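Take a look at the letters that make up each chain.
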Amino acid sequence: MEPAIFEQRSSQIQRKGKEPFSIACNTSSLAGAVSQRACVFCGSRVVLYPIADALHLVHGPIGCAVYTWDIRGALSSGPELHRLSFSTDLREKDVIFGGEKKLYQALVELIDRHQPNAAFVYSTCIVGLIGDDLKAVCRKVAGEKGIPVIPVQSEGFKGNKREGYLAACQAMFELVGTGETADIPSPSVNILGDFNLAGEIWIIQDYLRRMGVEVVANITGDGRVADVRRAHGADLNLVQCSGATMDLARMMEDTYGTPWKRVSYFGIEDMSEALYDVARFFEAKDPRIMDRTRELVREELAALYPKLQGFRRDLQGRKAAVYVGGAFKAFSLIKCFRHLGMDVVMVGSQTGTQEDYQELAEITDEGTIIVDDTNPLELSAFIKEKDVDIFVGGVKERPIAFKLGVGFCDHNHERKEALEGFVGMYNFAREVHATVTSPVWRFTPRRAGSPLGAIASGAGAPCGPEPALEVAP
Amino acid sequence: MKNVEPFVSTTNACKLCTPLGAAVAFKGLEGCVPFLHGSQGCATYMRRYVISHFREPMDIASSSLGEKDAVYGGQANLMQGILNVITRYQARAVGIATTCLTETIGDDVPTILHEFRRDYLPGCSGPAPALIHVSTPSYGGSHMEGFHAAVRAMTEQLADPLAPRHEGINVFCGFVSPEDIRHLYDVFADFGLCAAILPDYSETLDAPALEDYQNIPGGGTSLDQVRNMPGARASIEFGRTIQGGRTAGTVLREMSGVRLISPGLPIGLRESDALFTALEELAQAGTPRRYVLERGQLLDAMVDGHKYVAGKKAVVYGEEDLVVGLVSFLSEIGIKPVLAASGGQSGRLSAAVAAVCTDLGEPPLVRDGVDFYDIVAEADALQPDLIVGNSKGYRELARARNIPLVRVGFPVHDRFGAQRILHLGYRGALRLYDEIVNALIAKKQDDSDVGYGYI
């Protein structure tokens, strides 16, 4: 076993063995290690972003708003206000004299222009430092404009993405309970932790509809303010995505008694199990629901299985590495790869918890690398050590795979392929197959070498006297 | 001319934040790892943004400050972070840019680096890595201020004032593409001139497939090249809108009297002529045949295509110096630039645009410090036939109004091969010309019921 690249991180990297599993996680990222994590603001922004009829105003200098402009593939069936990027674009004088006045004016201007059903105001690092009273400004504008104007306490440095999830859930919880629920039929659910990437939530809604279950609120994919306001009228919260919306489910359970179930819509087992869980929950109320669910799953699988067989033939025995934001997705991916005859030999996440990693250790094979909050140096070393055929991650992981001559599947929020549901399993298999079986790997230098020899250093020779001067910086 | 009310809010910004520009510039120094002193998110967001354009690894280290660091200062994290980068990446240089967070809490980075050099560097093996520091609060400007400040910081902090005189030429190329940098090297080499181009990310952000993963990709302006800059015969620094400010070129002029030549970004015929004329003088030789030929081919194309483009109206947006170059070129070919817009706010855009439009008709409406909300509003009044700019004008401007978009500059997030877009020189102009003409032809063809096979 190789020694850890960063000694300080050695307890965050484990290889599954016979001894009891233990890993360090949920710590601050190591300075200088180039963590793949983002910040508190990012956590809040990704969760709330898909609420399509709300105004999302980032209070801070321009960067935080511009890097999150229309980056998620979170689709809306109606308004698309979420796809615009709004900022107070704070300047030096605002930092010195405070940004409250600018925030107030920006809010009024944007609300008048776009007539949103609510406004979320995101706090950034700088706001946390200069001490703008976000709450007071939001309260004032809410009073004047007659819509909820909700501060999101997402100062970037106040923790990691998880704290951002919590701040987002707290913001949404201000809306929950303020809408009319009398006309909500039963059985009904809220979908939490699905962001409608590439239209995925519509796939899940279709399954639920076929089972006879009403969806009250999408939280937050294709989300609407009015739906979130009446979410407490649903019978059940279905919670996907380990970190992002669990806090909201717990708050709703405490206050409104709404029960919740953790689900995943990725892969055959988890997708089926999610639907059966819903059916079991409502069985007493609707005795036929289980039959309808079985029928649905049977229909979908009958269409899916034959299509997977061809892929499986080509992919059998290949190896995969997985690095994702939340660990929940990794559980499903391990099972997905097994259906394709493939092994996951490295798995990690940015924000997994102790329980998440224990569960990963239970379902992975011996020798699998399990890692928390890793970085490009470690990832490239793991990929080489395990000699994988495909790496599943996000945009920041893609060039690591490609530079190593390894296939890649984008399973992050920028993806344009729906990967949820039974159809998503097909899309996933097709994507994995397309990348793993590409002819290009036969020519990439790590596997094929180079007939022309090595590439000499590309740095320009110094213009000047020889030999070059040795001058201390 | 429509006058849009100044808005307080910004919608769909036409600029990026200051440290992003610094990180890209640092990527052009050999063996250098860009490092942001701030919270973890800044580095990660910028990495994602840059990777999506170049399709290359873009490691930006961070001091990953947390809440208590914001209260007590980020010194410990900054030191540990730099040490990790030096030892694990084997970095030969670390380019440290501050962020809003650390500028506001008032971390004294030069002093921290001084202590780091004293306490840690003696323990590191090998030659002492260069630590370069630049102050880049996001609220202090756009990514271009960050880019130029990082280039200036590299010269200020690395150049040796006592470097002996040599025949080389320093080139400060601005934020151009890797292909542009490669082309510049060729041009200078063909003139027999030795160029030190800073920054040179032509390989670090457009790297070849190799047998092994490169923690720091090869290539970049070497540290020796930068050290020797004060001994050069001249510096050439592109960009009309950075003239008058304190730049890498003025730093070297002050440091050791290096002659500074400041042409515009060489986009289009006349701005390229200015560069080649300067090179002829420096080389004491005529322009090599290859480029005379390219110039002739450009002119030939401009004649062949002039009727496709005649009288068409264009909206141009992006970084200020890019906009100036594009406006210059569009005016030359008979397209009427109707709006020149930028999120940057140097205060020099208007004059620079007017200067390149002399004798070629009315200069366009110039709007600096604007966002895409403003640009779209202006465009609606101006009814352009063509848009030239980065990807960010696609949805609200080009697609919504069914106007072709020719993609240039940064970021290009919705097309392939952005690192290989050539903007500069006669060849860059020719390539751009082909794209513009073809975009207009395609539009005419697509909009027609006829299905023209000849156009």
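In terms of regular secondary structure, chain A is built from 18 helices and 14 strands. For 473 residues, the compact-globule formula gives about 23 Å, and the C-alpha radius of gyration of chain A, at 24 Å, lands near that figure. Structurally, chain A occupies a C-alpha span of about 75 × 65 × 40 Å along its principal axes. Burial analysis of chain A (473 residues in total) assigns 62% to the buried set.

Here the focus is the overall build of chain B. Scanning chain B from N- to C-terminus turns up 18 helices and 14 strands. In terms of overall dimensions, chain B is globule-like: its C-alpha atoms have a radius of gyration of 22 Å, near the 23 Å expected for 455 residues. By its C-alpha atoms, chain B is 75 × 55 × 45 Å across when sized along the principal axes. The long-range fraction of contacts in chain B, counting pairs at least 24 apart against all pairs at least 6 apart in sequence, stands at 77%. About 15800 Å² of surface is accessible on chain B, with carbon and sulfur atoms providing 50% of the total. The distance from the centre of the 41 positive side-chain charges to the centre of the 53 negative ones in chain B is 2 Å.

The interface is formed by 84 residues belonging to chain B together with 79 residues belonging to chain A. Roughly 7100 Å² of surface becomes buried between chain B and chain A when both sides are summed, with 61% attributable to carbon and sulfur atoms. Taken as a group, Tyr45(B), Tyr139(B) and Tyr213(B) account for 11% of the area that chain B buries against chain A, more than any other trio of residues on that side. Here chain B and chain A share 5 salt bridges between them. Applying the counting rule to chain B against chain A returns 27 residue pairs in polar contact (both at pLDDT 80 or more). For the side of chain B that touches chain A, the element with the most residues is helix H2 (residues 40–54) of chain B, which contributes 10 residues. Among the residues making up the side of chain B that touches chain A, the classes are represented as 38 nonpolar, 28 polar and 18 charged. The pairing of strand S3 (residues 86–87) of chain A with strand S1 (residues 10–11) of chain B spans 2 bridges and is antiparallel. Looking across to S1(B), one finds that Phe86(A) is bridged to Thr11(B).

To continue, consider the packing of aromatic side chains. Scanning the entire structure with this criterion turns up 26 aromatic pairs over all chains. A ring pair is formed by Phe402(A) and Trp441(A), whose centres lie 6.3 Å apart and whose planes are at 40°; its orientation type is tilted. On the criterion of sequence distance, the pair formed by Phe402(A) in helix H16 (residues 398–403) and Trp441(A) in the loop between helix H17 (421–436) and helix H18 (445–448) is long-range, its members being 39 residues apart. Look at Phe402(A) and you get partly exposed, because its relative accessible area is 41%. One aromatic cluster is present, built from ring pairs that chain together Phe41(A), Tyr67(A), Tyr122(A), Tyr45(B), Tyr49(B), Phe54(B), Phe147(B), Phe175(B), Tyr201(B) and Phe410(B). The ring of Tyr122(A) is capped by Arg45(A), whose NZ or CZ atom sits 5.3 Å from the centre of that ring. The ring of Phe7(B) has Arg113(A) sitting right over it, with the charged end atom 4.3 Å from the ring centre.

A word on a nonpolar patch on the surface. Residue and element names in this part refer to chain B. Judged by side-chain polarity, Tyr308, Val450, Tyr452 and Ile455 come together as a nonpolar surface patch covering roughly 360 Å² of accessible area. Counting through the fold element by element, Tyr452 comes out in the segment after helix H18 (425–447). The class of Tyr452 is partly exposed, set by a relative accessible area of 36%.

To continue, consider the sheet that holds strand S4 (residues 93–98) of chain B. Residue and element names in this part refer to chain B. Pairing is parallel across the open sheet formed by 4 strands, whose spatial order is S3-S2-S4-S5. Two strands close off the open sheet at either side, each with one partner strand: strand S3 (61–62) and strand S5 (130–134). With 6 bridges joining them, strand S2 (residues 32–37) and S4 adopt parallel strand pairing. What sits directly across from His37, in S4, is Thr98. Of the strands in this sheet, S2, S4 and S5 touch helix H6 (residues 109–119), which is tilted by about 170° from S5.

Our focus in this paragraph is the sheet that holds strand S9 (residues 260–262) of chain A. All names here are of chain A. Ordered by their spatial adjacency, 4 strands build an open sheet running S7-S6-S8-S9, and the pairing between neighbours is parallel. One side of each edge strand has no neighbouring strand; the edge strands of this open sheet are strand S7 (214–220) and S9. The mean inter-strand angle of the sheet, taken between neighbouring strand axes irrespective of direction, is 20°. By the bridge criterion, 4 bridges tie strand S6 (residues 188–194) to strand S8 (residues 236–239) in an arrangement that is parallel.

Inspection of every chain in the model, using the stated rule, returns 0 disulfides over all chains. Cysteine Cys125(A) shares no disulfide, and the gap to the nearest cysteine sulfur, in Cys42(B), comes to 5.6 Å.

This part takes up the confidence of the model for chain B. When pLDDT is averaged across chain B, the result is 96; 99% of the residues are at 70 or more. Across the predicted assembly, pTM comes out at 0.96 and ipTM at 0.95.

This part covers helix H7 (residues 161–173) of chain A. Helical periodicity: at 3.6 residues per turn, an α-helix aligns residues three or four positions apart in one direction. Residue and element names in this part refer to chain A. Over its 13 residues, H7 extends 18 Å from the first C-alpha to the last, a length consistent with the 18 Å expected when each residue adds 1.5 Å. Of all the residues in H7, the buried ones are Lys161, Arg162, Gly164, Tyr165, Ala167, Ala168, Cys169, Ala171 and Met172. N-cap assignment for H7: the residue whose side-chain oxygen lies 2.8 Å from the backbone N of Arg162 is Asn160.

We now examine the packing of helix H11 (residues 268–282) of chain A against H17(A). All names here are of chain A. Interaxial distance between H11 and H17 falls to 9 Å at its minimum, and their mutual angle equals 175°. It follows that H11 is roughly antiparallel to H17 by the angle criterion. Of H17, the residues touching H11 (which contributes Ile268, Met271, Ser272 and Leu275) are Gly421, Phe422 and Met425. Split by residue class, the contact of H11 with H17 holds 5 nonpolar, 2 polar and no charged.

So, on to unusual backbone geometry. That bond from Ser186(A) to Pro187(A) is cis: its omega, 0°, falls within 30 degrees of zero. Residue placement: Pro187(A) occurs in the loop between H7 and S6. In the segment running from Ile219(A) into Thr220(A), the intervening peptide bond is cis, with an omega of 10°. Tracing the chain through its elements places Thr220(A) in strand S7. Backbone geometry at Asp387(A) places phi at a positive 45°, although glycine is not the residue there. Structurally, Asp387(A) is set in the loop between helix H15 (376–386) and strand S13 (390–393). For Asp359(B), which is not glycine, the phi dihedral falls at a positive 70°.

This paragraph deals with the side chain of Thr250(B). All names here are of chain B. Here Thr250 shows up in helix H10 (residues 248–256). For Thr250, a relative accessible area of 10% gives the class buried. Beyond its immediate stretch of four places on either side in the chain, Thr250 contacts Glu237, Gly245 and Leu260.

About the cut-offs
In every chain, residue numbers begin from 1 and rise along the written sequence. Whichever chain is written first becomes A and whichever ligand is written first becomes 1, with later ones labelled in order. Local features in this predicted model are restricted to residues whose pLDDT is 70 or higher, and side-chain atom pairs enter the listing and the counts only when it is 80 or higher, whereas totals over whole chains, interfaces and linings include all residues. Values reported for side chains reflect all heavy atoms of the structure, with hydrogen atoms and water molecules removed beforehand. Helical segments are the DSSP runs of H or I of at least four residues, strand segments are the runs of E of at least two, and each set is numbered from the N terminus. The globule rule used here is 2.2 Å times the number of residues to the 0.38 power, and the radius of gyration it is set against is calculated over C-alpha atoms. The classification of residues rests on relative accessible area computed with a 1.4 Å probe and restricted to protein chains. Under 20% of the type maximum is buried, over 50% is exposed, and intermediate values are partly exposed. Here a residue-residue contact requires only that any non-hydrogen atoms of the pair lie within 4.5 Å. Per-residue and other accessible areas follow the Shrake-Rupley method at a 1.4 Å probe size, with only the shown protein chains counted as cover for residues. Note that His is not counted, nor are the chain ends; the positive residues are Lys and Arg, and the negative ones are Asp and Glu. By convention, the charge on Lys lies at NZ, on Arg at CZ, on Asp at CG and on Glu at CD. Buried area is a sum: the accessible area each of two parts loses on coming together, probed at 1.4 Å, counted once for each and added. Take a side-chain nitrogen of Lys or Arg and a carboxyl oxygen of Asp or Glu: if they are within 4 Å of each other, that pair is a salt bridge. In the analysis that follows, any N or O atom pair within 3.5 Å is treated as a polar contact, provided that within protein one partner can donate a hydrogen and the other can accept it, and provided that, for residues neighboring in sequence, both atoms belong to side chains. Polarity classes work like this: nonpolar for Ala, Val, Leu, Ile, Met, Phe, Trp, Tyr, Cys and Pro, charged for Asp, Glu, Lys and Arg, and polar for all others, with Gly in that last group. Between any two strands, at least two bridges found by DSSP are needed for them to pair. Classification of ring pairs uses Phe, Tyr and Trp, with its six-membered ring standing for Trp, and accepts pairs whose centres are within 6.5 Å; under 30 degrees between planes counts as stacked, over 60 as edge-to-face, and the remaining range as tilted. Charge over a ring is defined by NZ of Lys or CZ of Arg lying within 6 Å of the ring centre and within 35 degrees of the ring normal. Residues form patches when they are more than 30% accessible in relative terms and have no salt bridge. Like charges link within 9 Å. Nonpolar side chains (Val, Leu, Ile, Met, Phe, Trp, Tyr) link within 5 Å. Interaxial angles span 0 to 180 degrees and are taken between N-to-C directions of axes, which are lines fitted to C-alpha atoms, for helices over the stretch in contact. Two cysteine sulfurs form a disulfide in these notes if their separation is within 2.5 Å. Residue-level confidence of the predictor, termed pLDDT, takes values from 0 up to 100. Take the residue count of a helix, subtract one, and multiply by 1.5 Å to get its expected span. Any angle between 65 and 115 degrees counts as roughly perpendicular, while under 35 counts as roughly parallel, over 145 as roughly antiparallel, and the rest as oblique.

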